Amino acid sequence: MSSVIGPIALALHGGAGSEFARFATVERQAMEQALSEYLSAGEKLLQEGRPSVEVVEYVVRLLEDDPQFNAGRGSAFNAVGGHELDASIMDGLTRAAGAVGGLTTVKNPISLSRLVMTQSPHVLLIGAGAENFATEKNVDRVPNSYFSTAIARERWERAVQRPMTPLSSDKIGTVGCVALDQAGNLAAATSTGGMTNKAFGRIGDSPIIGAGTFADNRTCAVSCTGTGEHFIRNCIAYDLHARLAYLHQSLDEAVRVVLNEVLEPGDGGLIAVDRLGNVVTNYTTPGMARAAVDAASNRWVKLVR
Ligand code: ASP
């Protein structure tokens, strides 16, 4: 039996935000190096024929473990000085999805979201119930302070002092990954510590399927970053899928419309890959940490334009 090996494509993000322009050269280089390394690691797995759903989980775990990014270790502080983590994953072949919200002790939320997808009848588990599920599944646990870093604390302290909206955009966001594997299957994954100084109990778009994450083999896989409330209200990830499915827009055009016409400029960004392996990484914030390789082997690693 022969099976056709199709092209692969992969993109990852380390969040949309406004801080990149202020980065010292050494900070910028460290982030770019990490993005490039994780891109290569994911690409290698896809070249070995691994399924996209496994690859997006693997890459997001790398980003969660890296304290430079607001997911897992390095997560934003909430209004009560702690961390609540959200994540989701979706398999474009089956439209199976799993998500978790408000986690406080799970080292790698993305892996728990995959277990929700594969080992529970549910799509979304939150708070104490999600923590119980983590105990049942015996995943790695950490004290909440494991997620704290000095830089995330500084961002929080600045946000608390500023007399402005509690959803500070002065930040580095969320992480995510989308992939097309050799079998033509798409997958998407997103993980976050959420917005700095968010209310205790606030859930963003990242664990909401159709808002922050979506994948369907017929169209695209997408992972979003930005002010989650806007992505939830506008069902952004699903809207992108729907534009490809019903309006037959190209990925590039659909991304441009959702970021500039559905959302307000400044709301955030996204990474997406379509079923042919076209990749778009676009945003309307001052920057978005991103890295990608498309089906034509174009490769990029960037923080700003
Ligand atoms: N979208 C995330 C949230 O609202 C935050 C981010 O992407 O920076 O929780």
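Right above here is the structure, for reference.
I will try to describe carefully the structure that is included in this document.

1. A word on the sheet that holds strand 7 (residues 213–215)
Pairing is antiparallel across the open sheet formed by 4 strands, whose spatial order is 7-8-9-10. One side of each edge strand has no neighbouring strand; the edge strands of this open sheet are strand 7 and strand 10 (279–283). Neighbour-to-neighbour, the strand axes of this sheet turn through a mean angle of 10°, independent of strand direction. As paired strands, strand 9 (residues 268–274) and strand 10 are joined by 5 bridges and run antiparallel to one another. Note that in strand 10 the partner of Ala272 across the bridge is Val280. Relative to strand 8 (residues 220–226), helix 7 (residues 236–246) is tilted by about 145°, and along the sheet it contacts strand 7, strand 8 and strand 9. Packed on one face of the sheet, helix 8 (residues 251–262) meets strand 8, strand 9 and strand 10 and runs near 160° to strand 9.

2. Quick word on empty space enclosed by the protein
The tally for this structure, following the rule as stated, stands at 2 cavities of 30 Å³ or more. Roughly 100 Å³ of volume is contained in the largest cavity. When residues in the lining of the largest cavity are grouped by element, the largest group, 3 residues, is from strand 8. Along the lines of polarity and charge, the residues of the lining of the largest cavity split into 2 nonpolar, 9 polar and 3 charged.

3. Thoughts on the sheet that holds strand 11 (residues 287–293)
With mixed pairing, the 8 strands of this open sheet are ordered in space as 4-3-2-6-5-1-11-12. At either margin of the open sheet sits one strand with a lone partner, and together these are strand 4 (124–126) and strand 12 (299–302). Ignoring strand direction, the axes of neighbouring strands in this sheet form an average angle of 10°. Taken together, the 5 bridges between strand 1 (residues 9–17) and strand 5 (residues 175–180) define a ladder with antiparallel strand orientation. Paired with His13 across the strands is Gly176, a residue of strand 5. Sitting on the sheet, helix 4 (residues 127–137) is in contact with strand 3 (96–103) and strand 4, with an inclination near 105° to strand 4.

Here is what the cut-offs are and how they apply
For every chain, the first residue of the written sequence is number 1, and numbering continues from 1 along that sequence. Residue-level local features of this predicted model are given only where pLDDT is at least 70; pairs of side-chain atoms are given and counted only at 80 or more, and the full residue set underlies all totals for whole chains, interfaces and linings. Side-chain numbers here rest on the full set of heavy atoms in the structure, without hydrogens or water. The rule for pairing is simple: two strands pair if DSSP sees at least two bridges between them. Only runs of H or I of at least four residues qualify as helices and only runs of E of at least two qualify as strands under DSSP, and these elements are numbered from the N terminus. Between N-to-C directions, angles cover 0 to 180 degrees, with each direction set by a line fitted to C-alpha atoms, over the stretch in contact for helices. Contacts between residues were defined by any pair of non-hydrogen atoms, one from each residue, lying within 4.5 Å. Detection works on a 1 Å grid of protein atoms alone, calling trapped sets that fit a 1.4 Å probe cavities and calling open sets with protein on both sides within 12 Å along at least five of seven lines pockets, with lining residues defined by an atom within 4 Å of a point. Grid points are joined across faces, edges and corners, and a volume is the space filled by probe spheres set on the points. Side-chain classes are defined by residue name, with Ala, Val, Leu, Ile, Met, Phe, Trp, Tyr, Cys and Pro counting as nonpolar, Asp, Glu, Lys and Arg as charged, and the others, Gly among them, as polar.

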